[in-house]
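A closer look at the structure
Each chain, letter by letter, is given below.
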Amino acid sequence: MDKASEPAFEVAIAGGGPVGLMLAIELGRRGVRTLLVNDRPDTSPHPQANATQARTMEHYRRLGFADRIRATGLPPDYPTDICYFTRYARHELARFALPSSRDARVLVRNLGGSWSAAELPHRGSQMFIERVLRGEAAKLPSVNLRYGCRLAGFEQADDGVMLQLDPGGEPVRAQWLVGCDGARSGVRRALGIGWTGETGIRRDFMGGRMMAMHFRSPDLYAVIGRPPAWMYWTFNAGRRSFMAAIDGVDAFVFHTQLRSDEDPEAIDDEALKAMFFETLGARCELSLLSRSSWLAGHVLVAERLREGRVFLAGDAAHLFTPTGGLGYNTGVEDAVNLGWKLAAVLREGAPASLLDSYEAERRPAAIRNTGYARGFADSIGLFVPPEGLEDETSQGEALRRQAGERLLAHAKAEFNIPGITFGTRYDGSPIVARDDEAPPPDRADVYQPSSIPGGRAPHAWLPDGGSLFDRFGFGFTLLELAPDEPAGDAPLAQGMAGLAHLRITPAQARAAGLRDLYPRRFTLIRPDQVVAWRGERLPGDLRRLMFG
Ligand SMILES: Cc1cc2nc3c(=O)[nH]c(=O)nc-3n(C[C@H](O)[C@H](O)[C@H](O)COP(=O)(O)OP(=O)(O)OC[C@H]3O[C@@H](n4cnc5c(N)ncnc54)[C@H](O)[C@@H]3O)c2cc1C
């Protein structure tokens, strides 16, 4: 392509939800000329996701704004407990206690094993997170954010993609297009890419048409009359529901599944409030902020994540039932994965074949994560509240105790998932080196740190109080553990001689137990903090290990 016809943008992103914004940040931080269009005028005013998983928080830390994310939502001392009730103002059945955001910052420094991490999860609403992400993307000079602008169509050529924008005049050119345009993705449909997996799964709860109500209530905490929680669930013969606390003051979002005899069209605001009061088992002051309807029961992954110069990421590429809180988090990892690869092809002369590894790595990850979410949806959605659960009798009390035990076990399974959040692996990827050791087993509740190529680099706290991850560069990192700790600078300087042109950050570290985590002298860590290779001697062609 000659200079005159050089595209105005290197990457165009359709969709300014969390995934499109995260991709814009990854690209913008690498100086890639990026256009992001979003049809709505602003980020979403609806709460949507409530959980940012620990791995996503580690990515926000890598980008330098984890603390800003953690400061959003609930007050710093607000517990993020998950509570199960018959009705919110009646019997409490079970409570799984989890730390406040202030305690999470301290706690993470003392945890090991499965929870050896730079960050713990943050339980807060997506609408606040999107605002932080938009602010971060807006700071980047090479990123052009256009909210209130729709991708109306596109056409691919060998050397780029022509985009029709609305509003917009002449078509705009970009070298690559990424559809981060959500569940109903027009980009996916225009490419003729269908879904694989299951949809329309029916369960009495978390499998069917759901109604959501975002509201304020100044007296709800008093009406509930229990210590505050982040997530509230109700189980009774009439209606099951869940509710998240949004700001710890007076804002909440309530979700309930419609029964088969309830017509969503016939449910006006008063009827929706009545449903809430039924699950509360009392009345409270309530002003409705917004309402919406959504479908639970998807386990869907797109047939392909790429067609020529166009990629899919986030909900455009996979659709979850939100149990486990994995949809947006899986999408963020798509953006992280694709971001460094596109930048490497555009900026570092990496071969275009590097981009094939996006689908090879992220599609199996989406199948894995949607499968885990489905298991949680079955576990909670198929739990039938027994008859007599609300009776004020000793029999009722015994039923509540049994239900509480069952629900507490479920809570621990759904909300303690280090294996899911840290354990995604890219074994078999064309850019992951083969190793002679077998990777650890995949389990939701257990994460076994391992530097076998293909998984997240193991985390460690260093004697100076810093995180090993903070020593990694923004691009590739070569971590060296010299045979005899302490290492000193000499061996690394030697190892790195002549590698400056590859823009690999050299890192050395000393900490108790680090050699168990990184048993080889050298470990090559990708920009997304995934181990690419490890060995005792640096190979001649490191570039091949980096980009394939
Ligand atoms: C009740 C509920 C609870 C949830 N809880 C969690 C949770 O706790 N954790 C979790 O990880 N996930 C959760 N999710 C899922 C999460 O909300 C989604 O996975 C997430 O929003 C996907 O982000 P995205 O950026 O891919 O798509 P979206 O957020 O849908 O953003 C897509 C954007 O693209 C725009 N767009 C569409 N078409 C065009 C076009 N042609 N041109 C320009 N712009 C366009 C849309 O307007 C939208 O702004 C939950 C979902 C629901 C419904």
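Model, not experiment: these values are computed from the prediction.

**A few points about the environment of Ile224**
When you line up the elements, Ile224 lands in helix H7 (residues 220–224). A residue is classified by how much of its surface remains accessible, and Ile224, at 6% relative accessible area, is buried. Placed 208 residues apart in sequence, Ile224 and Val432 show a C-alpha to C-alpha distance of 52 Å. Not counting residues within four places of it along the chain, the set of residues in contact with Ile224 comprises Tyr88, Ala89, Tyr232, Met243 and Leu280.

**Here we look at the site of the ligand**
The immediate surroundings of the ligand are formed by 30 residues, with Asn38, Asp39, Gln126, Asp315 and Tyr328 found nearest. Asn50 is positioned with one of its backbone polar atoms (N or O) 3.1 Å from an oxygen atom of the ligand. Top element by residues in the shell around the ligand is helix H9 (residues 327–347). It accounts for three residues. Here the shell around the ligand is built from residues that sort into 12 nonpolar, 13 polar and five charged.

**As for unusual backbone geometry**
Omega for the bond connecting Asp166 with Pro167 falls within 30 degrees of zero, at 0°, which places this linkage in the cis form. Summarising the element assignment, Pro167 is placed in the loop between strand E9 (160–166) and strand E10 (172–179). For Arg503, which is not glycine, the phi dihedral falls at a positive 55°. Relative to the helices and strands, Arg503 resides in the loop between helix H13 (490–496) and strand E22 (505–508). In this model, Gln529 sits at a positive phi of 65°, which is unusual for a non-glycine residue. Positionally, Gln529 belongs in the loop between strand E23 (522–525) and strand E24 (531–535). Judged by its relative accessible area of 3%, Gln529 falls in the buried class.

**Quick look at the packing of aromatic side chains**
A full pass over the atoms with the stated rule returns 25 aromatic pairs. For the pair Phe85 and Tyr88, a centre-to-centre distance of 6.2 Å together with 70° between the ring planes defines the contact as edge-to-face. For Phe85, a relative accessible area of 0% translates into the label buried. With relative accessibility at 0%, the residue Tyr88 sits in the buried group. On the numbers, 5.9 Å between centres and 85° between planes, the contact of Trp230 with Phe415 is edge-to-face. Placement of Trp230 in the loop between H7 and strand E13 (231–234) and of Phe415 in helix H11 (residues 394–415) is noted, with a sequence separation of 185 residues between them. By the ring-pair criterion, three or more aromatic residues cluster together here, those being Tyr78, Phe85, Tyr88, Phe215, Tyr221, Tyr232, Phe252, Phe254, Phe276 and Phe277. Geometry around Trp176 places Arg309 over its ring, the cationic atom sitting 4.4 Å from the centre. The ring of Phe422 is capped by Arg456, whose NZ or CZ atom sits 4.0 Å from the centre of that ring.

The rules behind the values
Residues numbered from 1 in each chain as written. Predicted model: local features only at pLDDT ≥ 70, side-chain atom pairs only at ≥ 80, totals over all residues. Heavy atoms only, no water. Helix = DSSP H or I, 4+ residues; strand = E, 2+ residues; numbered from the N terminus. Buried < 20%, exposed > 50% of the residue type's maximum accessible area, 1.4 Å probe, protein only. Contact = heavy atoms within 4.5 Å. Near = heavy atom within 4 Å. Polar contact = N/O pair within 3.5 Å; in protein donor to acceptor, adjacent residues only side chain to side chain. Nonpolar A, V, L, I, M, F, W, Y, C, P; charged D, E, K, R; others polar. Phe/Tyr/Trp six-rings, centres within 6.5 Å; stacked < 30°, edge-to-face > 60°. Lys NZ or Arg CZ within 6 Å of the ring centre and 35° of its normal.

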